[in-house]
Every structure is written in structure tokens, then in C-alpha cells.
Amino acid sequence: LTCDASCVRSADSCYRFTDLSTGTNHSCGVLSSGETFCWGTPDLLGRGDLFPSSFNAFPVLGGHTFVTVAAGSSHSCAIDVAGAAYCWGTASAALGDGSGTTQYTPVAVQGGHLFASISTGSTLSCGITTDASLLCWGEDGYGRLGNGALGNAAAPGPVDSTHLFSMVDAGGLYA
């Protein structure tokens with residue numbers, strides 16, 4: 001099967017994505033239907049297994065209808081049509097589910113927040129809520145999360161600011 005330059009190939013299909021994000025070790029894309037696919041390092045694909053790395057796109061498990069996805073260095077996060085955020089991968093604190101453990105399929109970010117956008121870095125994640133607040137979670141060496149404290153945060157917490165936010169970009173180690 002050969003796909004043109006505007007598509008990504010899976011084992012038996014070509015896909016055109018409405019949202020696409022590339023991380024250090026994997027990439028993910030969202031179709032107009034909300035189905036999400038990832039390819040690359042196996043523990044980051046959201047498919048619940050550790051099969052060998054793949055150049056083919058595989059569907060992320062869980063039956064979610066996502067509108068956007070952000071691929072980080074060792075995890076990904078996505079927002080569903082209702083505004084809930086889900087994350088998966090090996091950057092355990094950056095998943096936001098409160099467990100601080102690796103998750104191979106999407107898990108809900110704690111707190112019941114509704115997100116307008118989300119960004120992933122190396123070992124942290126940040127999202128802007130629908131009321132323009134900025135929340136971050138993950139590894140917090142050197143005050144990376146902007147919450148005025150040191151120490152990892154396995155669940156979202158507000159950035160110490162009175163500002164309203166319209167965008168965030170979580171880089172390698174800082175947002």
C-alpha cells in the first residue's frame with residue numbers, strides 16, 4: 001500500500017489527520033472522526049502493549065473521540081470532545097491521573113477539569129482550561145511547574161499566576 005505525501009500509512013490504510021503532533025520517540029494524529037493513531041516506540045502508542053516499534057499507525061485504545069493530541073518525549077495527552085484530558089506513556093508523573101505510574105492506554109487526568117488546549121514536554125504536561133486557567137503536572141525539578149513549590153505533581157495544579165492564558169507550550173523541561 002502506497003500513500004501520498006498528505007497521508008500516514010497503517011498496516012492496510014492511509015489516513016489524513018486533522019491534528020498531528022510529533023514527540024521525541026513517537027507521533028500521534030487525530031482523524032476528523034476523533035479516532036486517534038500513534039506510531040513509533042511501543043510503550044507510547046496507547047495500544048496497551050509493548051510490541052516492537054512500528055512505522056505503521058495504530059489506533060489508541062479506549063474508544064475516545066479526541067479533538068487534539070500532544071505527543072511529548074515519553075508520553076502523550078489528548079482532549080476529547082467534552083473537554084476532558086487523557087494521557088498515556090512512561091513519564092508517570094506527567095500523566096496527571098494521580099497514580100504516578102506508567103500507563104499504556106489513556107487514563108483520565110484528575111480533577112474533572114475541562115481543557116481548551118494541552119501541551120506535553122519531556123516529563124511534564126500543561127493545559128489551559130476552558131476558563132483560561134493554566135494547570136501543569138509532572139516532574140517539578142527547579143520549579144518547572146510554576147506552582148511555587150518543588151516536588152513532582154501527579155495531578156494538575158494551578159500555575160501561580162493571576163493571568164488568563166490563551167496558549168501554552170511545554171518544552172523539554174519547562175512550560
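Presented here is an overview of the structure given in this document. Just so we're clear, the structure is a prediction, and the values are computed from it rather than from any experiment. What you see as residue numbers is a count from 1 along each chain, following the sequence as written. This being a predicted model, a pLDDT of at least 70 is required before a residue's local features are given, and a value of 80 or more before pairs of side-chain atoms are given or counted; all residues contribute to the totals for chains, interfaces and linings. For the side-chain quantities, the full set of heavy atoms in the structure was used; hydrogens and water were omitted.

This part is about the overall build of the protein. Secondary structure counts use DSSP, requiring at least four H or I residues in a row for a helix and at least two E residues in a row for a strand, with both numbered from the N terminus. The helix and strand tally for the protein stands at zero helices and 14 strands. What you see in the protein, going N to C, is helices and strands ordered as β-β-β-β-β-β-β-β-β-β-β-β-β-β. Sequence separation of 24 or more characterises 40% of the internal contacts of the protein that already satisfy a separation of 6 or more. For the accessible areas, the method is Shrake-Rupley and the probe is 1.4 Å, while residue cover comes only from the protein chains on display. Carbon and sulfur atoms make up 53% of the accessible area of the protein, which totals about 8,000 Å². Throughout, a contact is declared for two residues whenever any of their heavy atoms are within 4.5 Å.

The next point concerns the environment of A82. When you line up the elements, A82 lands in the loop between β8 (75-80) and β9 (85-89). We call a residue buried when its accessible area falls under 20% of the maximum for its residue type, exposed when it is over 50%, and partly exposed in between, using a 1.4 Å probe and counting protein chains only. Since its relative accessible area comes to 55%, A82 is described here as exposed.

Take the sheet that holds β8 next. Sheet architecture is open: four strands sit in the order β7-β8-β9-β10, paired in antiparallel fashion. Among the strands making up the open sheet, the edge pair consists of β7 (66-71) and β10 (103-108). Averaged over all adjacent pairs, the angle separating strand axes in this sheet is 20°, with direction ignored. Should DSSP find at least two bridges between two strands, the strands are taken to pair. Lines are fitted to the C-alpha atoms to define the axes, a helix being fitted only along its stretch in contact, and any angle between axes, read from their N-to-C directions, falls within 0 to 180 degrees.

Next up on the list: the side chain of T129. By secondary structure assignment, the location of T129 is in strand β12 (residues 124-129). Its relative accessible area of 8% is what places T129 among the buried residues. Once residues within four sequence positions are removed from consideration, T129 is found in contact with H113, L114, F115, A116 and L135.

Across a sheet, strands are paired by hydrogen bonds formed along the backbone, either parallel or antiparallel in direction. Pairing is antiparallel across the open sheet formed by four strands, whose spatial order is β11-β12-β13-β14. On the outer flanks of this sheet lie β11 (115-120) and β14 (153-158), each paired with one strand and no other. Direction aside, the axes of adjacent strands within the sheet are offset by 20° on average. With five bridges connecting them, β11 and β12 associate as antiparallel partners. Residue pairing for β12: I118 is matched across the bridge by G127.

When two cysteine sulfur atoms lie within 2.5 Å, the pair is treated as a disulfide. Overall, the coordinates contain three disulfides when judged by the stated rule. Linked covalently through their sulfurs, C28 and C38 form a disulfide whose S-S length is 2.0 Å. When the S-S torsion is 105°, as for the bridge of C28 with C38, the disulfide is right-handed. Here C38 lies in strand β5 (residues 36-40) and C28 lies in strand β4 (residues 26-30), a separation of 10 residues in the sequence. Judged by its relative accessible area of 0%, C28 is buried.

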